[in-house]
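A structural walkthrough
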Amino acid sequence: MHTLAQPSRRNFLRLASAAGFCLTYPNLFLAIPQSATAEPKPKILSPDESLRQLLAGNQRFVKGQILHPRRSPADFAPLAKAQFPEAVIVTCSDSRVSPEILFDVGIGELFVVRIAGNVVDGAGVTVKGSTEYAVAELNVPLVVVLGHSSCGAVKAAIQHINAKDSLPGAINGLVELIKPAVTQSQGQSGDSLENAIVQNVKNGVARLQGLEPILAPRVKEGKLKVVGAVYDLKSGAVTLTA
């Protein structure tokens, strides 16, 4: 039987090998990312600074100069304790729209609310309640209602207004929520689909800006900004709506 005072030849060789490895690569263990154990800290950003950072990230994306910040496995561990997102993105469920990618941000920086057609008004408590939670509980200073080019939900609303028919199941109810934007944008110069997409975004912004009792007071006090934008699928650029 082997005791601690008298290690076996096999154990001795194992210990010697491990010690030699540490001496050969002394910096390997120092290179373990500190972010794996660091406590997350909130960033105190104004609404304007939060928007500026988002648009700067989108410019990097458009130019192909993406940084891919804070996306390694080590960056996920601290966020198990808390989250401090810097903006809410209310956007479409479209598979081609990925806010973290097109704004070139890291994990934990965006609170994303997704629904086909980025509908706000009439969408019920899920969209509005999720947005209110981020503002009230997580102190997010910016909300972006993000539409995108060639939106299928808006396109469907246009088609079925013209055809005066309906879609099956709950799809019809969703499209009905977008039809007011289509009607409001009729008669405008330019592409009818693009006009309806922009109007749909504007309607969402107006609804959230006036949403009581959480968002509207903060907007009036300047603590929160709600803006609209459209993402172009071809160029990758995000353009703020007027």
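Attention here is on the structure that accompanies the text.

Analysis parameters
Residues numbered from 1 in each chain as written. Predicted model: local features only at pLDDT ≥ 70, side-chain atom pairs only at ≥ 80, totals over all residues. Heavy atoms only, no water. Core = buried A, V, L, I, M, F, W, Y, C linked by side-chain atoms within 4.5 Å. Buried < 20%, exposed > 50% of the residue type's maximum accessible area, 1.4 Å probe, protein only. Helix = DSSP H or I, 4+ residues; strand = E, 2+ residues; numbered from the N terminus. 1 Å grid on protein atoms, 1.4 Å probe; cavity = no way out; pocket = protein on both sides within 12 Å on 5 of 7 lines; lining within 4 Å. Points joined across faces, edges and corners; volume = space filled by probe spheres on them. Nonpolar A, V, L, I, M, F, W, Y, C, P; charged D, E, K, R; others polar. Pairing = 2+ DSSP bridges. Axes fitted to C-alpha atoms, helices over the stretch in contact; angles between N-to-C directions. Parallel < 35°, antiparallel > 145°, perpendicular 65-115°, else oblique. Contact = heavy atoms within 4.5 Å.

1. Things to note about the nonpolar core
Counting 36 residues, the largest nonpolar core has Val88, Val90, Val127, Val143, Val154 and Leu208 as its most contacted members. Looking at which element gives the most residues to this core, the answer is helix α8 (residues 192-209), with 6 residues. By size, the runner-up hydrophobic cluster in this structure holds 16 residues, among which are Val105, Val227, Ala229 and Val238.

2. Quick word on the layout of surface pockets
A water-sized probe, rolled over the atoms, reveals where empty space remains. Counted as a void, the second largest pocket has a volume near 200 Å³. What lines the second largest pocket is Pro42, Lys43, Ile44, Leu45, Phe84, Pro85, Glu86, Glu137, Leu138, Asn139 and Pro141. Residues of the lining of the second largest pocket, tallied by class, amount to 7 nonpolar, 1 polar and 3 charged.

3. Remarks on the sheet that holds strand β2 (residues 110-114)
One open sheet accounts for 5 strands, arranged β2-β1-β3-β4-β5; its pairing is mixed. Either end of the sheet is taken by a strand with one partner, and the two such strands are β2 and β5 (238-240). Adjacent strand axes in the sheet meet at a mean angle of 30 degrees when their direction is disregarded. Examined bridge by bridge, strand β1 (residues 87-91) and strand β3 (residues 142-148) share 4 bridges and lie parallel to one another. Bridging from a neighbouring strand, Val88 pairs with Val143 of β3.

4. Some thoughts on the packing of helix α6 (residues 152-163) against helix α7 (residues 169-185)
Any two packed helices are characterised by how steeply their axes cross, that is the angle between the axes, and by the distance between the axes. One can describe the packing of α6 onto α7 by two numbers: an axis separation of 8 Å at closest approach and a directional angle of 75 degrees. Considering the angle they form, α6 stands roughly perpendicular to α7. Together, Ala153, Val154, Ala156, Ala157, Ile158, His160 and Ile161 of α6 and Val175, Ile178, Lys179, Val182 and Thr183 of α7 make up the contact between the two elements. Here the residues of the contact of α6 with α7 sort into 9 nonpolar, 2 polar and 1 charged.

5. Notes on the environment of Gly108
By secondary structure assignment, the location of Gly108 is in the loop between α4 (99-102) and β2. For Gly108, a relative accessible area of 26% gives the class partly exposed. Residues Gly108 and Glu86, spaced 22 residues apart in sequence, show a C-alpha to C-alpha distance of 8.4 Å.

6. With respect to the side chain of Asn200
Mapping Asn200 onto the fold places it in helix α8. Every residue in contact with Asn200, bar those within four places of it in the chain, is listed here: Gly117, Asn118, Val154, Ile178 and Ala181.

7. Focus: empty space enclosed by the protein
Scanning all chains against the criterion turns up 1 cavity of 30 Å³ or more. Empty space within the largest cavity amounts to approximately 50 Å³. Lining the largest cavity are Ser50, Gln53, Leu54, Glu86, Val105, Glu109 and Leu110. If one sorts the elements of the lining of the largest cavity by residue count, helix α2 (residues 47-63) sits on top with 3 residues. Classifying every residue of the lining of the largest cavity gives 3 nonpolar, 2 polar and 2 charged.

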